[in-house]
Amino acid sequence: MNRISIRGRRGVAVAVMVLASLFVVSGCGSAPTTSPAATDIQGGQASSPGTGPAAAGSEWGHIHNLTVDGERLLLGTHEGLWQQSPGQPAQLLSNPPFDVMGFALSQQHMLASGHPGEGQDLPADLGLRQSTDGGTTWAGVSLEAQVDFHRLRAARAVVLGLSAHDGRLLRSTDAGRTWTDLGTPPLFDLALDPADPDQVVGTTEQGPVVSTDGGATFAPITGAPLLTLLAWTPKALYGVMSDGVVHTSTDGGSTWHVTGNVQGQPTALAADADRIVVLAGDMIVESTDGGMTFSPRITGIAEH
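Residues numbered from 1 in each chain as written. Predicted model: local features only at pLDDT ≥ 70, side-chain atom pairs only at ≥ 80, totals over all residues. Heavy atoms only, no water.

A tally of helices and strands in the protein yields 1 helix and 26 strands. Taken over 304 residues, the protein has a buried fraction of 54%. Across the protein, contacts joining residues at least 24 apart in sequence account for 46% of those joining residues at least 6 apart. When the accessible surface of the protein is totalled, it reaches about 12300 Å², and 49% of it is carbon and sulfur. (Helix = DSSP H or I, 4+ residues; strand = E, 2+ residues; numbered from the N terminus. Buried < 20%, exposed > 50% of the residue type's maximum accessible area, 1.4 Å probe, protein only. Contact = heavy atoms within 4.5 Å. Areas by Shrake-Rupley, 256 points an atom, 1.4 Å probe, with all protein chains shown as cover.)

Structure below.
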């Protein structure tokens, strides 16, 4: 594989627009819709009806990102950070709530980025924020009024953030206090190896790319499927295509195999061990067998 550097490339806007055309990216605006009948999903085929708690509706606004923390699901939304346990209604964590555009768990702490909530006297771009009390209260760490991260990934003391404004990829090795600008690789999503933060896999218009130097340079992954969203756990690297096909890699993204399928256009993906959660259409579906089968976890979500 010939290594290619994409540091400083200005094609990120084009790549994001093309990938966004494949599926709808979480945003702001539409009102909640009525959910169709929830279904168990396997291999893209609907089977017997399933159940799941109804969404909090307009209280959430839009869901921007998902994070799996054991059995608990964390939802970064337009109206704050929420948590949801299996079969239970979601509960608001952040007080006061803010627009959680980017989110990551790091060394038992929570990291987030986005925009202030109503009535908050904060800059429009929050930079990196941190919570040490489980997501209730938040304080600024760095880059306030400078950056709005729509993608945040963390492993050990390393944090990677993808800026929404100009596509810059920023890297921190001290839990987000200071940053190195890695340029503008045309990434839509990215995943960080929890065991080795120098290993990064990203998605682009042409297909997945891999970095072995923390995101400074990337090389294409030959033969990989055209994935849009990624999630990396200690057990496997998971990816989903715009048509809902779920793929798994156990060798850092070098090779992939199909494990299952979800219905609807995926707009967020999260995983922890064998648990995979996908926001697709107007429901969140969940797999507890590594992506082979999916069933509804939360229904009745406003489509973005």
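With that settled, consider the sheet that holds strand E7 (residues 99–106). Taking strand neighbours across the sheet as the criterion, the 4 strands line up as E7-E8-E9-E10 in an open arrangement whose pairing is antiparallel. The sheet is open, and its two edges are formed by E7 and strand E10 (139–142), each paired on a single side. Across the sheet, the mean angle from the axis of one strand to that of its neighbour is 35 degrees, orientation sign disregarded. The sheet contact formed by E7 and strand E8 (residues 109–115) spans 7 bridges and is antiparallel. Bridged to Leu105 within E8 is Met110. (Pairing = 2+ DSSP bridges. Axes fitted to C-alpha atoms, helices over the stretch in contact; angles between N-to-C directions.)

We now examine the sheet that holds strand E13 (residues 169–172). Strand order in the open sheet formed by 4 strands is E11-E12-E13-E14, with antiparallel pairing between adjacent strands. Single-partner strands in this sheet number two, and they are strand E11 (149–155) and strand E14 (180–181). Where strand E12 (residues 158–163) lies against E13, 4 bridges are found, and the strand directions are antiparallel. Each residue of the ladder has a partner; that of Val159, found in E13, is Ser172.

One pass over the structure, following the stated rule, counts 10 salt bridges. With a shortest N-O distance of 3.0 Å, Arg151 and Asp189 are connected by a salt bridge. One end of the pair, Arg151, is in strand E11; the other, Asp189, is in strand E15 (residues 189–192), with 38 residues separating them in the sequence. Like Arg151, the residue Asp189 is buried in the burial classification. (Salt bridge = Lys/Arg side-chain N within 4 Å of Asp/Glu carboxyl O.)

A general feature of soluble globular proteins is that nonpolar side chains tend to end up buried together. One finds Val262, Leu269, Ile276, Val278, Val285 and Phe294 to be the most contacted residues of the largest nonpolar core, which totals 16 residues. At the level of elements, strand E19 (227–232), strand E20 (237–241), strand E23 (266–272), strand E24 (275–280) and strand E25 (283–287) are the ones that each hand at least two residues to this core. Looking at this core, the element that brings in the most residues is E24, giving 3 residues. In terms of nonpolar packing, the next biggest core, distinct from the first, is built from 14 residues, Leu66, Ala268, Ile284 and Ile301 among them. (Core = buried A, V, L, I, M, F, W, Y, C linked by side-chain atoms within 4.5 Å.)

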